[in-house]
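Chain and residue survey
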Amino acid sequence: MTDMNITAGGFVKHVARAAPFATEDQFWGYKVRSSESAPVSVMLGQAISFFFGVCLVTATFGVLVLPTLFFDGNFGFMRIGAAVLMGAVGFYLLWFASRGTIADVHIDTKAREIREVVANRFGSPTTVGFYTFDEISGIYLDLDESTGQSQLLLGYNDSAHAISVAKGTEAQLLPLRDRLAKDLL
């Protein structure tokens, strides 16, 4: 037994330290935040959206301002329509580029509700899912055999739809599952 590198206490600290999620207590309940990074395809899509958004917003100002500087022409309806369309698409692309990528799960024990929230790059939250405690039919772990990771899921109204709360090993997810079971059921 002297050739072991880690003690039982060290193993528990290692498992807790390597958890791919974190819980943060709040005055209204708690948040479950994922620490996994966004997929590369989403990050690439947001970078491309940012580039084309800036191009379209710049082109919008160009269509509105530059022809009147070089020519003494009036504003045509076609030019205004094109500028509005390009500006709307450009601002939508910039909004998508600044949007967050990973949803946090907020468990509000005072209002008895669960919210899936995505925070944008500036910190303002957008609620993308809203569920009451009464709509939750079960809490279970689902094992992904290809990765060896488990996923903590909340069953929604006895349907096939499930709310993903966190991913990790079974040992990491069991305390969170027990806390959710105590609060929700």
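Residues numbered from 1 in each chain as written. Predicted model: local features only at pLDDT ≥ 70, side-chain atom pairs only at ≥ 80, totals over all residues. Heavy atoms only, no water.

1. With respect to the sheet that holds strand E8 (residues 162-168)
As a reminder, the rule being used: A strand pair is defined by DSSP finding two or more bridges across the two strands. By definition, any uninterrupted DSSP run of H or I lasting at least four residues is a helix, any uninterrupted run of E lasting at least two residues is a strand, and each is numbered from the N terminus. Lines are fitted to the C-alpha atoms to define the axes, a helix being fitted only along its stretch in contact, and any angle between axes, read from their N-to-C directions, falls within 0 to 180 degrees.
The sheet built from three strands is open, its strands ordered E6-E7-E8 with antiparallel pairing. Of all strands in the sheet, those with a lone pairing partner are strand E6 (136-143) and E8, marking the two edges. Pairwise comparison of adjacent strand axes, ignoring direction, gives a mean angle of 20° for this sheet. Where E6 meets strand E7 (residues 150-156), seven bridges bridge the pair, whose relative direction is antiparallel. For Asp 142, the partnering residue across the bridge sits in E7 and is Gln 151.

2. Let's talk about a nonpolar patch on the surface
Going by this rule: Without a salt bridge and with relative accessible area above 30%, a residue can belong to a patch; like charges are then joined within 9 Å and nonpolar side chains (Val, Leu, Ile, Met, Phe, Trp, Tyr) within 5 Å. Under the convention used here, a 1.4 Å probe and the Shrake-Rupley method define accessible areas, while residue burial counts only the protein chains that appear. Only one rule defines a salt bridge in this text: a Lys or Arg side-chain nitrogen within 4 Å of an Asp or Glu carboxyl oxygen.
Together, Leu 44, Ile 48, Phe 51 and Phe 52 give the surface a local cluster of nonpolar side chains, amounting to about 420 Å² of exposed area. Within the secondary structure layout, Leu 44 lies in helix H2 (residues 40-70).

3. Focus: the packing of aromatic side chains
As a reminder of what qualifies: Each aromatic pair joins two rings of Phe, Tyr and Trp (for Trp, the six-membered one) with centres within 6.5 Å, and gets the label stacked for planes under 30 degrees apart, edge-to-face for over 60, and tilted for any other angle. Counted as over-ring charges are cases with an Arg CZ or a Lys NZ within 6 Å of the ring centre that also lie within 35 degrees of the ring normal.
This structure, assessed with the given rule, holds three aromatic pairs. Its end group placed over the ring of Trp 28, Arg 115 keeps NZ or CZ at 5.2 Å from the ring centre. One cation-aromatic arrangement involves Arg 179 over Tyr 30; the distance from NZ or CZ to the ring centre is 3.7 Å.

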